[in-house]
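Chain by chain, the residues:
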Amino acid sequence: FYKLRGLMIKKSNNKMPQVTEEELESIIEAMEDDGVIENDNAELMQNALDINDTTVYEIMTPRVDVVAVSVDEDIESIKNVFFEYQYSRIPVYDKDKDNMIGILRERDFLTAYISQKNENINIRKIMSSPYFVSKSTKVDDLIKEMQEVKKHFAIVLDEYGETAGLITLEDILEEMLCFFWNLRK
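Figured I'd write up the structure that's included with this text.

Reading the values: rules and limits
Residues numbered from 1 in each chain as written. Predicted model: local features only at pLDDT ≥ 70, side-chain atom pairs only at ≥ 80, totals over all residues. Heavy atoms only, no water. Phe/Tyr/Trp six-rings, centres within 6.5 Å; stacked < 30°, edge-to-face > 60°. Lys NZ or Arg CZ within 6 Å of the ring centre and 35° of its normal. Pairing = 2+ DSSP bridges. Helix = DSSP H or I, 4+ residues; strand = E, 2+ residues; numbered from the N terminus. Contact = heavy atoms within 4.5 Å. Axes fitted to C-alpha atoms, helices over the stretch in contact; angles between N-to-C directions. Polar contact = N/O pair within 3.5 Å; in protein donor to acceptor, adjacent residues only side chain to side chain. Buried < 20%, exposed > 50% of the residue type's maximum accessible area, 1.4 Å probe, protein only.

Moving on, we get to the packing of aromatic side chains. Counted by the stated rule, this structure contains three aromatic pairs. Lying across the ring of Y57, K135 places its NZ or CZ 4.8 Å from the centre.

The next point concerns the sheet that holds strand β1 (residues 61-62). Pairing within the open sheet is mixed, and its four strands lie in the order β1-β7-β6-β5. Edge positions in the sheet fall to β1 and β5 (132-134), since each has one partner strand and no second. Pairing between β1 and strand β7 (residues 163-168): two bridges, direction antiparallel. Paired with P62 across the bridge in β7 is G165. Sitting on the sheet, helix α9 (residues 169-176) is in contact with β1 and β7, with an inclination near 70° to β7.

Next up on the list: the side chain of T163. Within the fold, T163 resides in strand β7. Within the structure, the side chain of T163 is placed 2.5 Å from the backbone oxygen of K97, a separation counted as a polar contact. In this structure, T163 is in contact with R63, K97, D98, M100, I155, V156 and L157, ignoring residues within four places of it in sequence.

Turning our eyes to something else, we now look at the environment of Y131. Among the structural elements, Y131 can be located in the loop between α7 (123-126) and β5. The exposure class assigned to Y131 is buried, which follows from its relative accessible area of 17%. Each C-alpha atom, one on Y131 and one on A154, is 4.9 Å from the other, the two residues being 23 residues apart in sequence. When neighbours within four sequence positions are excluded, Y131 is seen to be in contact with L142, E145, V149, K151, F153, A154 and I155. Polar contacts involving the side chain of Y131 include one to the side chain of E145, which spans 2.7 Å.

Treat this as a map of the structure, not an account of what it does.
Following this line, the structure appears as structure tokens:
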């Protein structure tokens, strides 16, 4: 995305773009109207530009839809959650969903499950620390942050520090390429 944006918006020595985002949107629209680019390509370019203004809150999975497990949940129940929902990562909470304490990867869980034959698996030892972001974070900024911390999954917090939902890199990519995702459905 950043390379695409960099190619479309050239910067001069004084760091001001030669073409503003609004002008670029007009150019894309004109090119589409004139038949220079197809509707699909124009929509893809527009989505790449629009992601700058999108907040995490707009595309996150809301708390009510978050599939999570309790750190105290029995191992068989956790295994069944992985099998039922087929997620590669599941958030782990202590007491309630406002106290997210980790992210459990399916691979780590199943490796422990098989190697320890379902005996004495300590979820706290195999989960990774969660990455937290504010619901007002711009998606554009979150992409950079997730790359820096090498995380694909973040817990979204509201203004009170409580869990608002979660967001994954897949959610972001889906938003950026929503047109192509809709074609597949």
